[in-house]
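Spelled out, the chains give:
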2 protein chains.
Amino acid sequence: MERVTVDLGDRSYEIVIGPGILDALGDEAVKLGTGEKMAIVSNPKVFGLYGERVRRSLAGRGFNVGEVIIPDGEIHKNMDSVDHILTELLKMKLDRSSVVVALGGGVIGDIACFAASLYMRGIACLQVPTTLLSQVDSSVGGKTGVNHELGKNMIGTFYQPSLVWIDIDVLQTLERREVLAGIAEVIKYGVIRDQDLFSFMKDNAQKVLELDPDSIVHIIKRSCKIKADIVSEDEREAGVRAILNFGHTIGHALETLTGYDKLLHGEAVSIGMCYEAILSNALGKTGDETVREIKSIVEDYGLPSGMPEGIAPGSIMDTMMLDKKAVGGSLRFILPDRIGSVSIEKDIDKDYIIKVLRA
Amino acid sequence: MERVTVDLGDRSYEIVIGPGILDALGDEAVKLGTGEKMAIVSNPKVFGLYGERVRRSLAGRGFNVGEVIIPDGEIHKNMDSVDHILTELLKMKLDRSSVVVALGGGVIGDIACFAASLYMRGIACLQVPTTLLSQVDSSVGGKTGVNHELGKNMIGTFYQPSLVWIDIDVLQTLERREVLAGIAEVIKYGVIRDQDLFSFMKDNAQKVLELDPDSIVHIIKRSCKIKADIVSEDEREAGVRAILNFGHTIGHALETLTGYDKLLHGEAVSIGMCYEAILSNALGKTGDETVREIKSIVEDYGLPSGMPEGIAPGSIMDTMMLDKKAVGGSLRFILPDRIGSVSIEKDIDKDYIIKVLRA
């Protein structure tokens, strides 16, 4: 078992990573000193695969465990699902000492911890992420929330979990395309802060894709450590935390424009990383080699690097301006200087961005 | 102008109190360094009385001011109103640097700042409370939220405002019964922490009821100072903040049982204070004099001290157990030792409580 600490004073918590640790969740949970009532929030597929094991592990340590099942998919990441969870928690009579256990991918984690943050103004939330994407990204750092008709992730809270419990064995039941979407975020960590991780990903593609346990634990641990350090430094994204959005400024716009059903998040981020690297290069901030390195690792893993058909650069631009990362009418880009280092750039000329997107 | 600081590190803020200061809100708001977009959230009555003055003050200092009007009353303190506000904020294209201005009583303040806490995971919120109750209590301290069918204030966040702006002149348009409801909370502050404030309220009932400016500024400032100190010490009600609930354990149950339309919050708290004092006395924690003093000041102000007709002690007990202040099946009472000092008591025998409620 590997451990990473997110250091946030009295809201600090542990990320625990290992193979087969799902059955040991109860042993860790008792150490948190909460009340005995818990509610697992999950979707039908994940709950069917792992719900009983998690419940047994918790019940075995004396917890009184209920469940709330939300239909699968990003279209259910909305206030209706949150209302449903809150109503169920009230019916189960959870109190201020009770616990929500988010068992699933990023959507479940975001909704469940959002609901936990609102229930009686906040009860404990345990993240048990079951996709590589949520294990390396969304389960850590306390961003919770849902989508609104008028924009993705527009409604939410900053609310840290009390524990992140990552069993890598659950990746065995994940579709390969979902694994790849998680790999895109690992590559991102390499670009923004860790040349060694980038090299590891480049040199061990075969092992990573075969889900070799040591390699997977290594890349999850490194990714979580980078995210933990950044979040400890800037919990509410007033500064450095923005660098986690490398690839996401363009990536989010692509997800929006393709209706969230064509590209997985990690796929959109892959394309975003390639184009944001090109933008950095076009602005003279980095050499051709950086662009080539990013494009080549993305393609080595079978992730997309080119613009999807039928997406106009102008519409990407318009969509980016509506993103909540745009402040005061100004876009913010995270641009690589070299592999392992990025900087935040504002006020880039819009025509220039469109020209790059057209490239 | 009197100022009180709520000391919470980088989330500290000022409470400003004075007569006729509504027109100076813009001057203070510019000092906060926010973006220019603002949305006033109010109800038709309050917006009709003061909306234009607030808007003019803000627009005069360069802010771009929109508005969202919510129907008046506790029954609209629900997630539907929050959803409506969030949708309007998105339509107005507020960004992370924008500001919500809550102009109204406790309901508006709770809903508007709740919405602000969720919009893009939290934007600035200014509290401009227009009832005595909200001026001395709900606008300070960062408790936001709405009711759920299954319980009052069950859904919400801890989210501090960036400024509390209290113009006492607005109390001139407040119904007398509403003024009295606010006075109940001022009496509460006296009982829990300030014998001098209690004495002032006892000796100056006439002036207070006539809304004498000096007296009103004095009691609001004292109340806010006590609340600010307690909140600075214990923002999330892990300990001492619970003493603010003196009178509320029984009071909330009475509000629930009478359907929120018979008793104002302050009236329910008045009755709650009287009975919680009786409970304290019955447990031998305080003398007869304390009970007499509390009952007599409550009655001097024309506030209710006796149980409303048709409310069974057993049903009060059941309702209290459903309150979110009940943890692990145990009720918590705030009981006076003497005027100016209370302590927190758990695990009081239920039959004993029912006996006192029957008294």
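All residue numbers refer to position in the chain's written sequence, counted from 1. Lettering for chains starts from A, numbering for ligands starts from 1, and both go in the order in which the items are written. Selection of residues for local features in this predicted model requires a pLDDT of at least 70, selection of side-chain atom pairs for listing and counting requires 80 or more, and totals for whole chains, interfaces and linings are taken over all residues. Water and hydrogen atoms were dropped before computing side-chain values, which therefore reflect all heavy atoms in the structure.

**Q** Just checking my understanding: could you explain the nonpolar core for this structure?
**A** Side chains of nonpolar character tend, in soluble globular proteins, to be buried together. Side-chain atoms within 4.5 Å link the members of a nonpolar core, which is a set of buried Ala, Val, Leu, Ile, Met, Phe, Trp, Tyr and Cys residues. Remark: exposure states derive from per-residue accessible area (1.4 Å probe, protein chains only) relative to the maximum for the residue type, with buried under 20%, exposed over 50%, and partly exposed in between. With 57 residues, the main nonpolar core has Val-82 of chain A together with Val-82 of chain B as its most contacted residues. For this core, the element with the most residues is helix α4 (residues 106-118) of chain B, which contributes nine residues. In contact with Val-82 of chain B, other than residues within four places in its own chain, are Ile-111, Phe-114, Ala-115, Leu-118 and Val-146 of chain B. A run of H or I in DSSP becomes a helix once it reaches four residues, and a run of E becomes a strand once it reaches two; helices and strands are each numbered from the N terminus. Two residues form a contact once any of their heavy atoms are found within 4.5 Å.

**Q** Where do I start with helix α10 (residues 248-257) of chain A in this structure?
**A** Three- or four-residue spacings in an α-helix give side chains the same orientation, since the helix completes a turn every 3.6 residues. Residue and element names in this part refer to chain A. Counting buried positions over the 10 residues of α10 gives eight, a clear majority of the element. Those residues of α10 lying buried are His-248, Thr-249, Ile-250, Gly-251, His-252, Ala-253, Leu-254 and Glu-255. Buried residues in α10 make contact with β8 (151-158), α6 (176-193), α11 (265-282), α13 (313-322), β10 (332-338) and α14 (350-358). Just past α10, the residue Gly-259 takes up positive phi, approximately 70°.

**Q** Got a minute to help me understand the sheet that holds strand β3 (residues 37-42) of chain A in this structure?
**A** Residues and elements named next belong to chain A. Strand order in the open sheet made by the seven strands is β1-β2-β9-β6-β5-β3-β4, with mixed pairing throughout. With partners counted over all chains shown, the strands left at the sheet margins are β1 (2-6) and β4 (64-69), one partner each. Across the sheet, the mean angle from the axis of one strand to that of its neighbour is 20°, orientation sign disregarded. A pair of strands counts as paired when DSSP detects no fewer than two bridges linking them. Here β1 pairs with strand β2 (residues 13-18) via five bridges, running antiparallel. In the sheet register, Val-4 faces β2, and the bridge partner there is Ile-15. Orientation is described by axes fitted as lines to C-alpha atoms, over the contacting stretch for helices, and by angles from 0 to 180 degrees between their N-to-C directions. Packing of helix α3 (residues 79-91) onto the sheet brings it into contact with β3, β4 and β5 (99-104), and relative to β4 it is tilted by some 155°. Of the strands in this sheet, β1, β2 and β9 (163-167) touch helix α9 (residues 213-233), which is tilted by about 15° from β1.

**Q** What is the right way to look at helix α12 (residues 288-300) of chain A in this model?
**A** Residues and elements named next belong to chain A. Spanning 13 residues, α12 covers 18 Å between terminal C-alpha atoms, matching the ideal 18 Å at 1.5 Å per step. Thr-290, Val-291, Glu-293, Ile-294, Ile-297 and Val-298 are the residues of α12 that are buried. Projected down its long axis, α12 carries its buried residues within an arc of 165°, all on one side. Turned more than 90 degrees away from the buried face of α12, the exposed residues are Asp-288 and Arg-292. The inward-facing, buried residues of α12 contact α6, α7 (195-203), α11 and β10. Here a helix's expected span is defined as the number of its residues, less one, multiplied by 1.5 Å. Directions drawn from the helix axis to the C-beta atoms are what define this arc.

**Q** Looking at this structure, how should I read the side chain of Glu-185 of chain B?
**A** Residue and element names in this part refer to chain B. Residue placement: Glu-185 occurs in helix α6 (residues 176-193). The buried category is assigned to Glu-185, whose relative accessible area is 0%. Here a polar contact means two N or O atoms within 3.5 Å. Within protein one must be a hydrogen donor candidate and the other an acceptor candidate, and residues neighboring in sequence count only if both atoms are side-chain atoms. Only 2.9 Å separates the side chain of Glu-185 from the side chain of Lys-188, close enough to count as a polar contact.

**Q** Please explain the sheet that holds strand β3 (residues 37-42) of chain B as it appears in this structure.
**A** In a beta sheet, neighbouring strands pair by backbone hydrogen bonds and run either parallel or antiparallel. All names here are of chain B. One open sheet holds the seven strands; their spatial order is β1-β2-β9-β6-β5-β3-β4, and the pairing between them is mixed. Sheet topology places β1 (2-6) and β4 (64-69) at the edges, where each strand pairs with a single neighbour. Each neighbouring strand pair of the sheet contributes to a mean axis angle of 20°, computed without reference to strand direction. Pairing geometry for β3 and β4, over six bridges, is parallel. For Ala-39, the partnering residue across the bridge sits in β4 and is Gly-66. Relative to β4, helix α3 (residues 79-91) is tilted by about 155°, and along the sheet it contacts β3, β4 and β5 (99-104).

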